[in-house]
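Coordinate inspection notes
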Amino acid sequence: MNYLPRDDRYNNKTNYRRCGRSGIKLPEISLGLWHNFGGVDVLENGRDMLRYAFDQGITHFDLANNYGPPPGSAEENFGVIFKKDFVPYRDELIISTKAGYLMWPGPYGEWGSRKYLLSSLDQSLKRMGLDYVDIFYSHRPDPETPLEETMMALDQAVRSGKALYAGISNYPAELTKKASEILKQLGTPCLIHQPKYSMFERWVENGLLDVVENEGIGIIAFSPLAQGLLTDRYLHGIPADSRAAKAWGYLQLEQVDPAIAKVKKLNELASLRGQSLAQMAIAWLLKDKRVTSVLIGASSVGQLKDNLASQKNLSFSVEELITIENILSA
Ligand SMILES: NC(=O)c1ccc[n+]([C@@H]2O[C@H](COP(=O)([O-])OP(=O)(O)OC[C@H]3O[C@@H](n4cnc5c(N)ncnc54)[C@H](OP(=O)(O)O)[C@@H]3O)[C@@H](O)[C@H]2O)c1
């Protein structure tokens, strides 16, 4: 079936926020393809989610070279879907990819060398059938490669036209500042930082949020639902089709039990606010204007729908915020 996106996709369905001090705006909620888009997954389900997201005004899809499994298959599947459904809408989309984790054997298949980053970008473009990506990230800092080399590779990716903007992911605060300074000198300012950030993972509050604000870099928070823990998914056990139950899911079974007491209390508070827990967890991140976008994952259109509705209520009373802090620190 040919896909015709909804005409009303930009009519107040999704809000957009400026990414740092750049020209780009991102949707408050973006869709990541880490899980549920690989070779082990049902392609049509992924396709339904991408179509639904775009119909709701979600303009940003996030990938990486290694997403799958097997590594590379999420980009391949995205390429198949892109060709069928999204080619006419390329200029409406922000598509990102990354390089940093292991992709091929030998000394040049991971980390942050120029050799690895630029070869990987070429491979990603081929897999997705794209001429360029909108954002190319260094996926993780490399303790052995000089930061200058990694940043020069990002600059080169942009200068060659294979990426429009440069980003970094998982870089600590101090290194982010240095990376940003180098990129500015090179003439390719860092557009965005992608850290893990949720009610359960708060390291960015110890310096990184201040650095990105000062440097004019946007923030896109990944795993905002702690891979599904911050939802009602595990309130009554481990569903067979859940990430924790899947052999290839990154969420480990043993991570579920220790979280459940807090999840139950948070879930009660979310109900009092008239939200699902997933909606409250996303809203809690978006209450901070420095957060440009929240990068969710989903395994169904129903979950996406639930999550996108979080934009209806992003405000918290002081009492609610205190209750959340008390639950989290108990
Ligand atoms: N830069 C990095 O190093 C890095 C690392 C990790 C992720 N990321 C990016 O961040 C994206 C999101 O990460 P994530 O998938 O871990 O995000 P997440 O939003 O924390 O978790 C997504 C999972 O939560 C469950 N879920 C989502 N909405 C739900 C709802 N409304 N009700 C119940 N359960 C719900 C689903 O689990 P089930 O599958 O069990 O249904 C879904 O697969 C990735 O796709 C990737 O783009 C980046």
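Just so you know, these numbers come straight off a predicted model, no measurement behind them.

Quick notes on the rules
The residue numbering used here restarts from 1 in each chain and proceeds along that chain's sequence as written. The model is predicted, so local features are restricted to residues of pLDDT at least 70 and side-chain atom pairs to those at 80 or more, both for listing and for counting; the totals for chains, interfaces and linings are taken over all residues. Note on conventions: DSSP H or I runs of at least 4 residues are helices, E runs of at least 2 residues are strands, and numbering of each starts at the N terminus. The quantity called the radius of gyration is restricted to C-alpha atoms. Its globule counterpart is 2.2 Å times the number of residues to the power 0.38. To sort residues by burial, count the other C-beta atoms lying within 10 Å of each one's C-beta; a count of 20 or more means buried, 12 or fewer means exposed, and anything in between means partly exposed. C-beta atoms are built from the backbone. Placing C-beta atoms from the backbone, we regard two residues as in contact once those atoms come within 7 Å. Helix span, expected: 1.5 Å multiplied by one less than the number of residues in the helix. By definition, two strands form a pair when at least two bridges between them are found by DSSP. What counts as an axis is a line fitted to C-alpha atoms, over the stretch in contact for a helix, and the angles between N-to-C directions run from 0 to 180 degrees. We define the bend at each residue as the angle formed by axes fitted to the 7 residues ending at it and the 7 residues starting at it. Nearness rests on one distance test: the residue's C-beta atom, set from the backbone, must lie within 6 Å of the molecule or strand. Under the scheme applied, nonpolar residues are Ala, Val, Leu, Ile, Met, Phe, Trp, Tyr, Cys and Pro; charged residues are Asp, Glu, Lys and Arg; polar residues are all the others, including Gly. Clockwise travel from the first strand over the helix to the second, with the strands pointing away from the viewer, marks a crossover as right-handed.

1. Overview of the overall build of the protein chain
The helix and strand tally for the protein chain stands at ten helices and ten strands. Scaling as 2.2 N^0.38, a compact globule of 330 residues should have a C-alpha radius of gyration of about 20 Å, and the protein chain matches this with 19 Å. Projected onto its principal axes, the C-alpha coordinates of the protein chain cover approximately 50 × 50 × 40 Å. Counting every position in the protein chain, which comprises 330 residues, the buried fraction comes to 45%. When contacts within the protein chain are restricted to residue pairs at least 6 apart in sequence, long-range pairs at least 24 apart make up 76% of them.

2. Structural notes on helix α4 (residues 147-159)
Compared with an ideal rise of 1.5 Å per residue, which puts 13 residues at 18 Å, α4 spans 18 Å between its outermost C-alpha atoms and is within 8% of the ideal. Elements that come into contact with the buried residues of α4 comprise α3 (114-128), β6 (133-138), β7 (163-169) and α5 (173-186). Positive phi appears at Gly 161, one or two residues downstream of α4, with a value of about 85°.

3. Here we look at unusual backbone geometry
With an omega dihedral of -5°, the bond running from Gly 68 to Pro 69 counts as a cis peptide bond. Position of Pro 69 among the secondary structure elements: in the loop between β4 (60-62) and α2 (73-86). In this structure, the amide linkage connecting Pro 69 to the following residue, Pro 70, adopts the cis form with an omega of -10°. Summarising the element assignment, Pro 70 is placed in the loop between β4 and α2. The backbone phi angle of Asn 36 is positive, close to 75°, even though this residue is not glycine. Looking at the secondary structure, you find Asn 36 in the loop between β3 (29-32) and α1 (43-55). Here Ala 226, not a glycine, exhibits a phi torsion of approximately 50°, which is positive.

4. Observations concerning the environment of Pro 143
Within the fold, Pro 143 resides in the loop between β6 and α4. A count of 8 C-beta atoms within 10 Å places Pro 143 in the exposed class.

5. Quick look at the pairing of strand β10 (residues 291-296)
Most of β10 is tucked away: six of the six residues are buried. Two strands pair when backbone bridges link them, and β3 and β10 are joined in this way by three bridges, in the parallel orientation. Note that in β10 the partner of Ile 29 across the bridge is Val 294.

6. Regarding the sheet that holds β3
The strand order around the closed barrel built from eight strands is β3-β4-β5-β6-β7-β8-β9-β10, with neighbouring strands paired in parallel fashion. For this sheet, the mean inter-axis angle between neighbouring strands, taken without regard to orientation, is 30°. Note that strand β9 (residues 218-222) and β10 share four bridges and pair parallel. What sits directly across from Ile 219, in β10, is Val 291.

7. Regarding helix α7 (residues 256-272)
Here α7 spans 24 Å end to end across 17 residues, near enough to the 24 Å set by a 1.5 Å rise per residue. The largest bend along α7 reaches roughly 35° and is located at Lys 262. Among the residues of α7, those classed as buried are Val 256, Val 263, Leu 266 and Ala 270.

8. Topic: the site of the ligand
The local shell around the ligand holds 31 residues, among which Gly 32, Trp 34, Phe 222, Gly 228 and Gly 297 are the closest. For the shell around the ligand, the secondary-structure elements that each account for two or more residues are β10 and α9 (301-308). Counting residues per element, the shell around the ligand draws most heavily on α9, which supplies three residues. In the shell around the ligand, the residues fall into ten nonpolar, 16 polar and five charged.

9. Here we look at the pairing of β9
Each regular strand displays side chains that alternate between the two surfaces of the sheet. For β9, the tally of buried residues reaches five of five residues, placing the bulk of the element in the interior. With burial as the criterion, each face of β9 is covered, one bearing Gly 218, Ile 220 and Phe 222 and the other bearing Ile 219 and Ala 221. Sheet topology note: the strand β8 (residues 190-194)/β9 ladder contains two bridges and is parallel. Bridge pairing in β9 places His 193 opposite Ile 219. After leaving β8, the chain enters helix α6 (residues 208-215) and then returns to the sheet as β9, a path that is right-handed.

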